[in-house]
Every structure is written in C-alpha cells, then in structure tokens.
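# Observations on the model geometry
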Amino acid sequence: MGSLAFVAFALLGLLGASHAQLKLGFYDHVCPQAESIVKGIVEEYVKHVPSLAPALIRLHFHDCFGCDASLLLNSTKNNTAEKDVAPSSSLRGFSFIDIVKSKLEEECPGVVSCADILTLAARDAIAAIGGPYWEVSTGRRDGTVSIGSEVFTNLPAPTFCWKT
C-alpha cells in the first residue's frame with residue numbers, strides 16, 4: 001500500500017505548477033520536438049536501467065512542492081540547496097536530467113524549462129515501465145532559489161513511517 005500511495009502522490013505532483021500558465025502543447029511552436037526528445041531519452045535509458053523510472057518519479061515528487069526545478073540547483077557559499085539536505089540525500093537521477101537538458105539545449109536553446117523536463121520525464125518513466133501515458137500541460141518556470149530548510153517543512157523525513 002505504501003508504494004501505491006507514493007505513486008498517487010507522484011501523479012498528483014505531475015499536475016502541479018510553478019505559478020505559470022500551463023497548457024497542453026506549450027512548446028508546439030517554439031520547440032515542437034521537446035516532448036518526443038524527453039520521451040525518447042527516457043525510454044532508451046529505462047530500457048537499460050529500469051530502476052531509473054522510480055528514481056525519476058521520486059525526483060519529481062521531491063521537486064513538486066513548487067514544481068520549479070529548484071531541487072536541481074546547487075548549494076552556494078551562503079545557502080544549502082534542497083538537494084543537499086537529508087531528505088534528499090538518497091535521490092538520484094540528477095545526471096540523467098542533465099543529459100536530457102543538454103539534448104534539448106542542442107535542439108532548442110533556452111526554451112524548455114527544467115521544471116517541465118522533470119515533469120515530462122516522470123510521466124514518460126511511468127509509461128516506460130508499463131504504466132499509463134497521459135497528456136501533460138507544460139509551461140512551468142524554473143525557480144532561481146533553492147532553500148534546503150524548506151525541504152524539512154514540505155517532506156517527511158527519510159525515517160518517517162506511516163502507522164496504520
């Protein structure tokens with residue numbers, strides 16, 4: 001039951017927005033191949049490394065308290081980023097998102113947000129392991145700040161256990 005709840009929360013997160021005007025086909029005129037690029041890379045990697053699928057879903061879930069890709073930002077001298085605090089310590093898939101972003105930058109420089117890449121990759125990962133596929137509204141904007149302390153108020157600790 002715990003894994004079902006996790007998937008449900010992850011799917012709900014796919015509906016989230018980062019204060020943007022989301023719409024189906026947001027990139028149709030500026031980067032029409034964006035979604036197919038993400039899907040193709042996800043399918044190829046998940047075929048060889050199936051454990052990447054749940055990692056991408058979890059990465060998206062952790063980001064989608066704002067759905068702004070702030071989870072991908074690095075710490076600075078004066079600030080510990082979200083990905084560098086305990087609840088995020090076991091996340092993986094960051095380098096995969098970098099691969100997808102690099103390919104999208106080759107095709108459509110400066111167009112596709114990392115927030116949308118996380119969302120599309122999570123959706124495509126679910127489909128790649130035999131789950132459903134659905135249309136996802138895009139147009140999320142990337143955050144510019146990542147505050148690690150906010151993770152503690154938005155996510156349960158890694159040691160959290162639901163009691164039934």
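For clarity, every value in this text was computed on a predicted model and none was experimentally measured. (Residues numbered from 1 in each chain as written. Predicted model: local features only at pLDDT ≥ 70, side-chain atom pairs only at ≥ 80, totals over all residues. Heavy atoms only, no water.)

## Here's the deal with unusual backbone geometry
Unlike most non-glycine residues, Cys67 shows phi in positive territory, near 50 degrees. As for its placement among the helices and strands, Cys67 is situated in the loop between helix H3 (52-63) and helix H4 (94-107). The phi dihedral of Ala69 falls on the positive side, at around 65 degrees, and the residue is not glycine. Inspection of the secondary structure puts Ala69 in the loop between H3 and H4. Exposure remark for Ala69: the relative accessible area of 5% places this residue in the buried category. (Helix = DSSP H or I, 4+ residues; strand = E, 2+ residues; numbered from the N terminus. Buried < 20%, exposed > 50% of the residue type's maximum accessible area, 1.4 Å probe, protein only.)

## Some points on the pattern of salt bridges
A side chain with one charge can pair with a side chain of the opposite charge if their charged atoms come near. Using the criterion set out here, one finds eight salt bridges in the structure. Two residues, Asp124 and Arg123, come together in a salt bridge whose shortest N-O distance is 2.6 Å. Pair check on accessibility: Asp124 and Arg123 agree, each one buried. Residues participating in the shared-partner salt-bridge network are Glu35, Arg123 and Asp124. (Salt bridge = Lys/Arg side-chain N within 4 Å of Asp/Glu carboxyl O.)

## Thoughts on the layout of surface pockets
What the second largest pocket holds in volume is close to 170 Å³. Listed by contribution, the elements that provide at least two residues to the lining of the second largest pocket are H3 and helix H6 (149-154). A total of three residues in the lining of the second largest pocket trace back to one element, the largest contributor, which is H6. (1 Å grid on protein atoms, 1.4 Å probe; cavity = no way out; pocket = protein on both sides within 12 Å on 5 of 7 lines; lining within 4 Å. Points joined across faces, edges and corners; volume = space filled by probe spheres on them.)

## With respect to helix H2 (residues 34-48)
When the terminal C-alpha atoms of H2 are compared, their 22 Å separation across 15 residues agrees well with the 21 Å that a helix rising 1.5 Å per residue should span. Those residues of H2 that are buried are in contact with H3, H4 and helix H5 (114-128). (Expected span 1.5 Å × (residues − 1). Contact = heavy atoms within 4.5 Å.)

## Topic: the nonpolar core
Core analysis: the largest hydrophobic core is formed by 31 residues, its most contacted members being Phe96, Ile97 and Leu104. When contributions to this core are tallied by element, the ones reaching two or more residues are H2, H3, H4 and H5. It is H5 that contributes the most residues to this core, seven residues altogether. Once residues lying within four places of it in the same chain are set aside, the contact partners of Phe96 are Ile41, Val42, Tyr45, Leu52 and Leu56. (Core = buried A, V, L, I, M, F, W, Y, C linked by side-chain atoms within 4.5 Å.)

## As for the environment of Glu105
One can find Glu105 in helix H4. Among the residues examined, Glu105 registers a relative accessible area of 27% and is labelled partly exposed. Residues Glu105 and Ala34, 71 residues apart in the sequence, show an inter-C-alpha distance of 9.9 Å. Non-local contacts of Glu105, meaning those with residues more than four positions away in its chain, are made with Gly110 and Val111. In this structure the side chain of Glu105 is engaged in a polar contact, spanning 2.9 Å, whose partner is the backbone nitrogen of Gly110. (Polar contact = N/O pair within 3.5 Å; in protein donor to acceptor, adjacent residues only side chain to side chain.)

## A look at H5
Here H5 spans 20 Å end to end across 15 residues, near enough to the 21 Å set by a 1.5 Å rise per residue. Taken across its 15 residues, H5 has 13 buried, putting it largely inside the fold. Just downstream of H5 lies Gly130, where phi reads positive at about 95 degrees.

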